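Given next are the chains, with one letter for each unit.
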Amino acid sequence: MPRAAELLRAAAKQVDAAKMPWPALAQAELALGNRGAAEAAIDQQLQLAFRDVGALLLKGYLREQGGDDRAASSFYRTALSQGAVSGIPGSLATLAQQAEAFLQTADLRFADHLLAQVEGKVSPRMAEAIDLLTGQRQIDLQRPSVFYFPGLPQRRFFEVEEFPWLQPMLELLPAMQAELAAVQADEGSETFVPYVTGSTDRPVPNNPLYQDPRWGAHYFWKDGAEVAAAAARCPATMAALAIAPMPRIPGRAPTALWSRLKPGTHIAPHHGMLNTRLICHVPIRTAPDCTLRVGSESRTWEPGKPLIFDDSMEHEARNAGSEERVVLLFEIWRPEIAEEDRAAIARIFQAIDSYGSGEGL
């Protein structure tokens, strides 16, 4: 290696810079422990090819060795981003893996540093801003498939404390749990129908769980109409739903149901139809190893703690455990939407349903 470095140094003095194998010189200098000389050589290469994945990775490594986390992170991120487009040569795979590992730990160190500067006393929104700054979380946006109402806060989850009406609902939770147990004892597997279904006048949904009972539904309200048999069997559940500010749109809403997720079931990432509602899950039967991801944040269903989320953001659910999970699922208006706008939205969807064949979207 000393002889290689000697020859490459001599070449650098005689060969045109554009023809000089700067990465080879950088590697030779680095092998000899000459980090400064190695970095000078790789800088020459980056002047010639500023998106050279290998040079970017090596520059990041050199900055990492020099204790400059910010510069190392910048070069590593650029290298991996470029590599995602042009590919990373097999010979650089180990260095690329090292870059990914470094970024994970460096982001955590950066977050700890920032929190230390503000003494850790930050609001939840400020904590999220720091997570976004440090790459611990991504910016997630509402992308409803049908109707977008502009100007609403881009929030993944809402907290139980924001909805005082949830407390009287939760007081009915033991009675609702008893109703589920009684219905299942009488009806067994016939309690639930597949959540994802279709109709003859529409294309079949492109959903892996189409007609699959592993994601099951037992409706109390469906397309704006009360399901009489279910309502009669479960008065506590109906009383709880009467408390919630559910949308009232003839032929559309409310929709409220027990949603069952059987073990091993995965609801693939998707977006809801509109961003004017929130989806509420009141846990009736919790189960271990069940998660709900909304955007870049994941939560689990815990006894007595509802989850309220914006389903117009990409979301998915997974039951990786061995027990079934059942929640009371219903929709509510976004609290930021004024009454007059709620009425206008209802008229829009009634107009959609009355157009053409009368079925609409």
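See above for the structure.
So, a few notes on the structure that sits alongside this text. (Residues numbered from 1 in each chain as written. Predicted model: local features only at pLDDT ≥ 70, side-chain atom pairs only at ≥ 80, totals over all residues. Heavy atoms only, no water.)

### Some remarks on the overall build of the chain
Note the cut-off: Numbering of helices and strands runs from the N terminus; a helix is a DSSP stretch of H or I covering at least four residues, while a strand is a stretch of E covering at least two. Only C-alpha atoms enter the radius of gyration; for comparison, a globular chain is expected to reach 2.2 Å times N to the power 0.38, where N is the number of residues. Burial classes: relative accessible area under 20% of the type maximum marks a residue as buried, over 50% as exposed, and values in between as partly exposed (1.4 Å probe, protein chains only). When checking whether two residues touch, look at their non-hydrogen atoms; a contact exists if any pair is within 4.5 Å. Methods summary: accessible areas were calculated by the Shrake-Rupley approach with a probe of 1.4 Å, and residue burial reflects only the protein chains presented. We score Asp and Glu as negative and Lys and Arg as positive, and we do not count His or the chain ends. We put the charge of a Lys on NZ, of an Arg on CZ, of an Asp on CG and of a Glu on CD.
Each helix and strand counted, the chain has twelve helices and twelve strands in total. For 361 residues, the compact-globule estimate of 2.2 N^0.38 gives 21 Å, and the C-alpha radius of gyration of the chain, at 28 Å, exceeds that figure by more than 25%. Overall size of the chain, expressed as C-alpha extent along the three principal axes, is 90 × 50 × 40 Å. Buried residues in the chain amount to 43% of all 361 residues. If you take every contact in the chain between residues at least 6 apart in sequence, the share linking residues at least 24 apart comes to 70%. As displayed, the chain offers around 18,600 Å² of accessible surface, 54% of which is attributable to carbon and sulfur atoms. A distance of 5 Å separates the average location of the 35 positive side-chain charges in the chain from that of its 44 negative side-chain charges.

### Comments concerning the layout of surface pockets
What counts is decided by this rule: In the cavity and pocket records, a cavity denotes points on a 1 Å grid over the protein atoms alone where a 1.4 Å probe fits but cannot get out, a pocket denotes an open set with protein on both sides within 12 Å along at least 5 of 7 lines, and lining residues are residues with an atom within 4 Å of a point. Grid points are joined across faces, edges and corners, and a volume is the space filled by probe spheres set on the points.
Estimated volume of the second largest pocket: approximately 500 Å³. Surrounding the second largest pocket, 19 residues form its lining, Arg-125, Glu-128, Gln-154, Arg-155 and Arg-156 being those nearest its centre. Counting residues per element, the ones that place at least two in the lining of the second largest pocket are helix H7 (124-133) and strand S9 (297-300). For the lining of the second largest pocket, the leading source of residues is H7, giving six residues.

### Some words on the state of the cysteines
What counts is decided by this rule: The disulfide criterion is simple: two cysteine sulfur atoms within 2.5 Å.
By the definition in use, this model includes zero disulfides. A disulfide-free cysteine, Cys-234 has its sulfur positioned 19 Å from the sulfur of Cys-280, the nearest such atom. When its relative accessible area of 0% is taken as the criterion, Cys-234 is described as buried. The class of Cys-280 is buried, set by a relative accessible area of 0%.

### Some words on the packing of aromatic side chains
Rules: Between the rings of Phe, Tyr and Trp (Trp by its six-membered ring), a pair exists once the centres lie within 6.5 Å; its type follows the angle of the planes, with under 30 degrees stacked, over 60 edge-to-face, and the other angles tilted.
Inspection of the entire model under this criterion finds eight aromatic pairs. Judged by centre distance (6.4 Å) and plane angle (55°), the ring pair of Phe-157 and Phe-309 falls under tilted. Separated by 152 residues along the polypeptide, Phe-157 in strand S1 (residues 157-158) and Phe-309 in strand S10 (residues 307-309) bring together distant segments of the chain. Since its relative accessible area comes to 3%, Phe-309 is described here as buried. Aromatic side chains Tyr-195 and Trp-215 sit 4.1 Å apart centroid to centroid with 15° between the ring planes, which places their arrangement in the stacked category. Here the residue Tyr-195 occupies a position in the loop between strand S2 (193-194) and strand S3 (215-222), and Trp-215 occupies one in strand S3, the gap between them amounting to 20 residues.

### Re helix H9 (residues 173-187)
Inclusion rule: Take the residue count of a helix, subtract one, and multiply by 1.5 Å to get its expected span. Each direction from the helix axis to a C-beta atom contributes to the arc, which is the arc of those directions.
Along its 15 residues, H9 runs 21 Å from first to last C-alpha, staying within 8% of the 21 Å computed at 1.5 Å per residue. Here H9 has its buried residues at Leu-173, Met-176, Glu-179, Leu-180, Val-183 and Gln-184. Within H9, the buried residues cover an arc of 125° as seen down the axis, which keeps them to one side. Along H9, the residues that are exposed and aim more than 90 degrees away from the buried face are Pro-174, Ala-185 and Asp-186.

### Comments concerning the pattern of salt bridges
Note the following rule: For this analysis, a salt bridge means a side-chain nitrogen from Lys or Arg found within 4 Å of a carboxyl oxygen belonging to Asp or Glu.
All chains considered together, the criterion is met by 28 salt bridges. Of the charged contacts in the structure, one is a salt bridge between Glu-339 and Arg-342, with a shortest N-O distance of 3.5 Å. In this pair, Glu-339 and Arg-342 both sit in helix H12 (residues 339-354), three residues apart, roughly one turn of the helix. Its relative accessible area of 56% is what places Glu-339 among the exposed residues. On the accessibility criterion, Arg-342 (16% relative accessible area) is buried. Here the salt bridges do not stand alone but share partners, grouping Glu-128, Arg-137, Asp-140, Arg-156, Glu-159, Glu-297 and Arg-299 into one network.

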